[in-house]
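Structural overview for review
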Amino acid sequence: SSISNYSSSSSSTRGNRGKSSTCSGRSCNLDTMDTDCRAVFWRSSSSNSSSHSVRRGSRSRSFCSEVHRQSRGFGSSGGSDGGGDRSRIDRRGSGGGGRGPGNRFDPDTSLQDLLDLGAMPSEVEVAEVLARHWSRWAGHPGRTITWLKGLAQKGRPETAAALLRVARSFEVEVGTFHFNITVGACVRSGLWETAAALLTEMVGGSISKDTSTYNCMVSLCGRRGDLDRALALLSEMRTRRVEPDVVTYNTTISAFDRGGRWEVALRLFAEMATRGIRRTVVSYNSAMSACGRGSGWEVAFELLAQMYDCALQADVVSYNSAITACERAGRWTLALCCLHAMTESALRRTAVTYGAAISACEKDGRWVAALALLGDMESSTVKCDVVAFNSAISACEKGFRWEVALSLLAEMDRVRLKSDSVSWSAAVSACEKGAQWQTSVHLLSHMASGGVAASAVTWSSALTATARAAAWAAALELFRGMEAQAGVAPTRVSFNAVLDAVRGRPEARLLFERYLSSGLLPHVTSSRAELDLHSLSPGAATLLVARWLEEVASSVESRPPSVEIITGQHRSRKAWDTGDMQA
C-alpha cells in the first residue's frame with residue numbers, strides 16, 4: 001500500500017529524523033526545522049508574555065511538555081509554573097488570564113497572518129505565526145482545520161502544506177481530514193510533487209486513508225499519466241473495504257479518457273451501474289468524451305438518450321462531447337442535429353461547440369455548411385477563434401474552393417485573428433488543388449516574410465502545384481530552398497512532386513538517386529524478379545524502371561524469366577491471381 005513511488009523526493013515523519021522533507025519547493029532537514037521552530041516559539045512566546053519564568057528541563061524532556069508548561073504561563077501574574085486554574089488554557093479558546101476580547105480566538109485574524117506570509121512561506125515563518133497564537137490554539141485541532149480550509153479556499157496550498165508539517169512538529173493532533181484538505185488543495189493547484197510528498201508522509205505516519213484520500217490519489221495518478229496505478233488504487237479500495245463513491249469513478253473515468261484509453265473508461269462507466277453508484281452528468285460527459293476518442297458516435301448518442309431517461313439534464317459539455325464524437329467519425333449531419341437540439345434546450349453554444357461542428361463539416365468537404373456555421377458564430381456573441389477559421393478554410397480546400405479559402409484567410413486579418421501555420425497550409429493546399437501554382441508560391445513567400453514557419457506539408461503542397469503545371473524551374477527552386485532557407489527536410493511527397501516536375505530533364509537522375517539513399521522508401525524493391533512502384537509518383541516510377549532495365553541489360557546470364565511490377569498509389573495488393581496489376 002505504499003505510495004512512495006508517487007513522490008520524486010523522499011519525505012519523513014517524526015519517527016525518521018535526519019531525512020529530507022519537501023515543502024514549498026524547498027528541501028529541508030526535519031531536525032533543523034524542529035530546532036528552528038522551537039527557537040521561534042520560545043522567542044515569540046517570551047515576548048508575548050507579561051511576566052513569567054519557565055525552567056527549561058533537560059533536553060530529554062519532550063517538546064510537547066515544554067509547550068504545555070510555556071502555555072500555562074500566559075496571563076499569570078506570578079512567576080512560577082504553578083499558576084493555578086487561572087493560568088491554565090481555556091479549552092473554549094480563551095487564555096488563562098480572563099475572557100476579555102483580547103484573549104478570544106479570532107480565526108480571521110490568524111488566517112490573515114498566514115496569508116500575509118505570501119504564496120510560498122517557509123516552515124519557520126509559519127511556526128512564528130503559530131507561536132503568536134499558541135495560547136489560543138493549543139489543544140484545539142479543529143482550529144487547524146479552519147486554517148487549512150481557509151488557505152485552500154484562498155488558493156494557498158503551499159502555505160497549507162507548511163502549516164500541516166509545522167503542526168505535526170508541534171505535536172498537534174493531525175488526522176486524515178487535515179491531510180485530505182491539504183492534498184486536495186495541492187492537486188487542484190497542480191502541485192503534484194507536493195501532493196505526492198504529503199501522501200507519502202500520510203502513509204509513513206500510519207494515518208488511515210478514507211474515500212476522499214483515495215480520490216486525491218487517483219486524481220494525482222491521472223494528472224501524471226499513471227493510469228495503471230489509478231486502476232490499482234480502485235482495486236485497493238475494495239480490498240481495504242473503503243467504498244468508492246461517484247467522485248472516485250468520475251475521476252478515474254476522466255483520467256482514462258484524457259489518457260486515450262477509452263475502452264477502460266467505458267468499462268468503468270458500466271461498472272458504476274453494477275455497483276449501484278448513481279451516475280451523474282459528469283459521469284456521462286466523461287463517457288461520451290471517451291466515445292469521441294474511440295470514434296464511437298453511436299454509443300455517444302445512446303448515452304445522451306440515457307441521460308433523459310435518467311432525468312438528467314444534458315449540459316453544454318454533454319452536447320460538445322457528442323458533437324466531437326460525430327466530428328471524429330465524419331458524421332456532419334448528426335453534428336448539426338446536436339446543434340439544433342441545443343437550441344431547443346436553450347443551451348448556449350460555445351466556441352468549442354462551433355469548432356467541433358465546423359470541423360465535422362470540414363472532414364466531409366461541406367464548405368457551404370461550414371461557412372454557414374462560421375457566419376452564425378460571428379452573428380452571435382461567441383467570438384470566432386483560429387480553430388474555427390482553420391476548419392472552414394480546410395473545408396473550402398476539400399471542396400476545391402480556393403477563392404473562398406483566400407477570402408477567409410484575409411477575413412482573419414480583418415477581425416484581428418493571427419493566422420498560424422495551419423491556416424496558411426490549408427490555403428496553399430486549396431490553391432494547389434485549384435491549379436493555382438503561382439498563388440501557392442506567393443503564399444509560401446508571404447509566410448516567410450510574416451514570420452510563420454512553413455511545415456513540410458506546406459512546401460509539399462506548393463511543389464505539387466508546380467509539378468501539375470509542369471513548372472520545373474519553380475519546382476527546383478522551391479525544392480532547393482526547402483532545405484537551404486527553411487531548414488525543412490524533404491519528405492516522400494516532396495521528392496515525388498519534384499521528380500514529376502523535372503521528368504525528362506538531366507536533374508531528374510541525380511534527384512532520384514538522392515531519393516533512394518534518403519531512406520524514405522524502405523518498401524521499394526528492385527530485385528531481378530520484382531519491381532515495387534507502390535506509392536511512387538509517375539516521374540519517380542519511370543526512373544526506377546529505367547534504372548532496373550540498365551541493371552538487367554548489363555547481365556544477360558542472370559536475366560529473370562518473368563518480372564512482377566507492383567503499381568498503385570495506396571496500399572499494395574498481393575492477390576495477383578484475382579488482381580488486375582499482374583505483369
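Residues numbered from 1 in each chain as written. Predicted model: local features only at pLDDT ≥ 70, side-chain atom pairs only at ≥ 80, totals over all residues. Heavy atoms only, no water.

Re the overall build of the protein chain
Looking only at helices and strands, the protein chain features 28 helices and 4 strands. By the burial criterion, 48% of the 583 residues in the protein chain qualify as buried. (Helix = DSSP H or I, 4+ residues; strand = E, 2+ residues; numbered from the N terminus. Buried < 20%, exposed > 50% of the residue type's maximum accessible area, 1.4 Å probe, protein only.)

With respect to the packing of helix H10 (residues 211-224) against helix H12 (residues 246-258)
Relative placement of two packed helices is described by the angle separating their axes and the distance separating the axes. Relative orientation of the contacting elements H10 and H12 amounts to 5 degrees, with a least axis distance of 9 Å. One finds that H10 runs roughly parallel with respect to H12. Seen from H10, the contacting residues are Thr 211, Asn 215, Val 218, Ser 219, Gly 222 and Arg 223; seen from H12, they are Val 247, Thr 248, Thr 251, Thr 252, Ala 255 and Arg 258. Classifying every residue of the contact of H10 with H12 gives 3 nonpolar, 7 polar and 2 charged. (Axes fitted to C-alpha atoms, helices over the stretch in contact; angles between N-to-C directions. Parallel < 35°, antiparallel > 145°, perpendicular 65-115°, else oblique. Contact = heavy atoms within 4.5 Å. Nonpolar A, V, L, I, M, F, W, Y, C, P; charged D, E, K, R; others polar.)

Description of the packing of aromatic side chains
Counted according to the given criterion, the structure contains 3 aromatic pairs. Geometrically, the ring pair formed by Phe 269 and Tyr 284 is edge-to-face, given 5.0 Å between the ring centres and 75 degrees between the ring planes. Of this pair, Phe 269 sits in helix H13 (residues 262-274) while Tyr 284 is found in helix H14 (residues 281-293), placing the two residues 15 residues apart along the sequence. Comparing Phe 269 with Tyr 284, the two get one shared label, buried. For the ring pair Phe 495 and Tyr 515, a centre distance of 4.7 Å and an interplane angle of 10 degrees mean the geometry is stacked. Here the residue Phe 495 occupies a position in helix H26 (residues 492-501), and Tyr 515 occupies one in helix H27 (residues 507-517), the gap between them amounting to 20 residues. The two residues Phe 495 and Tyr 515 agree in class, both being buried. (Phe/Tyr/Trp six-rings, centres within 6.5 Å; stacked < 30°, edge-to-face > 60°.)

Considerations on the nonpolar core
In this structure, Leu 163, Met 307, Ile 323, Leu 374, Leu 499, Tyr 515 and Leu 536 are the most contacted members of the largest nonpolar core, which totals 145 residues. When residues of this core are assigned to their parent elements, the largest contribution, 7 residues, is made by helix H7 (residues 157-169). Every residue in contact with Leu 536, bar those within four places of it in the chain, is listed here: Asn 496, Tyr 515, Leu 521, Ala 541 and Leu 544. (Core = buried A, V, L, I, M, F, W, Y, C linked by side-chain atoms within 4.5 Å.)

A look at the environment of Leu 417
Within the secondary structure, Leu 417 sits in the loop between helix H21 (402-414) and helix H22 (421-433). Judged by its relative accessible area of 15%, Leu 417 is buried. Residues Leu 417 and Cys 384, spaced 33 residues apart in sequence, show a C-alpha to C-alpha distance of 8.6 Å.

Let's talk about the packing of helix H8 (residues 176-188) against helix H9 (residues 192-204)
Interhelical geometry of H8 versus H9 gives an angle of 160 degrees and a closest axis separation of 8 Å. Relative to H9, H8 is oriented roughly antiparallel. For the pair H8 and H9, the crossing hand works out as left-handed. For the pair H8 and H9, the contacting residues are Thr 176, Phe 179, Asn 180, Thr 182, Val 183, Cys 186 and Val 187 in the first and Trp 192, Thr 194, Ala 195, Leu 198, Leu 199, Glu 201 and Met 202 in the second. Residues of the contact of H8 with H9, tallied by class, amount to 9 nonpolar, 4 polar and 1 charged. (Left-handed = near helix turned anticlockwise from the far one by under 90°.)

Points about helix H19 (residues 367-379)
Look at H19: 18 Å from first C-alpha to last across 13 residues, which is about the 18 Å you get at 1.5 Å a residue. Looking only at H19, the buried set comprises Ala 369, Ala 370, Leu 373, Leu 374 and Met 377. Angular distribution of buried residues about the axis of H19 spans 140 degrees; they occupy a single face of the element. In H19, the exposed positions that point more than 90 degrees away from the buried face belong to Val 368 and Ser 379. Lining the buried residues of H19 we find helix H17 (332-344), helix H18 (351-363), helix H20 (386-398) and H21. (Expected span 1.5 Å × (residues − 1). Arc of directions from axis to C-beta.)

Considerations on the environment of Val 317
Within the secondary structure, Val 317 sits in helix H16 (residues 316-329). By relative accessible area, Val 317 is classed as partly exposed at 45%. Linking Val 317 and Thr 350, residues 33 residues apart in sequence, is a C-alpha distance of 9.6 Å.

Points about H12
Note that an α-helix has 3.6 residues per turn; residues three or four places apart therefore point the same way. For H12, built from 13 residues, the straight-helix expectation of 18 Å at 1.5 Å per residue is met to within 8% by its first-to-last C-alpha distance of 18 Å. With 10 of 13 residues buried, H12 is to be regarded as a mostly interior element. Every buried residue belonging to H12 is among Thr 248, Tyr 249, Asn 250, Thr 251, Thr 252, Ile 253, Ser 254, Ala 255, Phe 256 and Asp 257, and all of these are buried. In the core, the buried residues of H12 are packed alongside H10, helix H11 (227-239), H13 and H14. Sitting at the amino-terminal end of H12 is Asp 245, which places a side-chain oxygen 3.2 Å from the backbone nitrogen of Val 247. (Polar contact = N/O pair within 3.5 Å; in protein donor to acceptor, adjacent residues only side chain to side chain.)

Quick word on the confidence of the model for the protein chain
Confidence along the protein chain averages 75 in pLDDT terms, with 74% of residues attaining 70 or more. Mean pLDDT across the elements of the protein chain ranges from a minimum in strand E1 (residues 20-23), with 37, to a maximum in H20, with 93. Low pLDDT, under 50, characterises residues 1-35; the predicted model gives this stretch 85 contacts beyond four residues in sequence or across chains. Across residues 572-583 the pLDDT falls below 50, and counting only partners more than four positions away or on other chains, this stretch makes 17 contacts in the model. (pLDDT = per-residue confidence, 0-100.)

Side note on the side chain of Ser 283
Among the secondary structure elements, Ser 283 is positioned in helix H14. For Ser 283, a relative accessible area of 0% puts it in the buried group. When neighbours within four sequence positions are excluded, Ser 283 is seen to be in contact with Val 246, Asn 250, Phe 269 and Met 272.

A look at the pattern of salt bridges
When the charged atoms of two side chains lie near each other, side chains of opposite charge can form a pair. Counted by the stated rule, this structure contains 15 salt bridges. Of the charged contacts in the structure, one is a salt bridge between Lys 363 and Glu 327, with a shortest N-O distance of 2.7 Å. Placement of the pair is Lys 363 in helix H18 and Glu 327 in helix H16, with a sequence separation of 36 residues. For Lys 363, a relative accessible area of 41% puts it in the partly exposed group. Ionic contacts of the salt-bridge type, sharing partners, join the residues Glu 362, Glu 397, Lys 398 and Lys 433 into one network. (Salt bridge = Lys/Arg side-chain N within 4 Å of Asp/Glu carboxyl O.)

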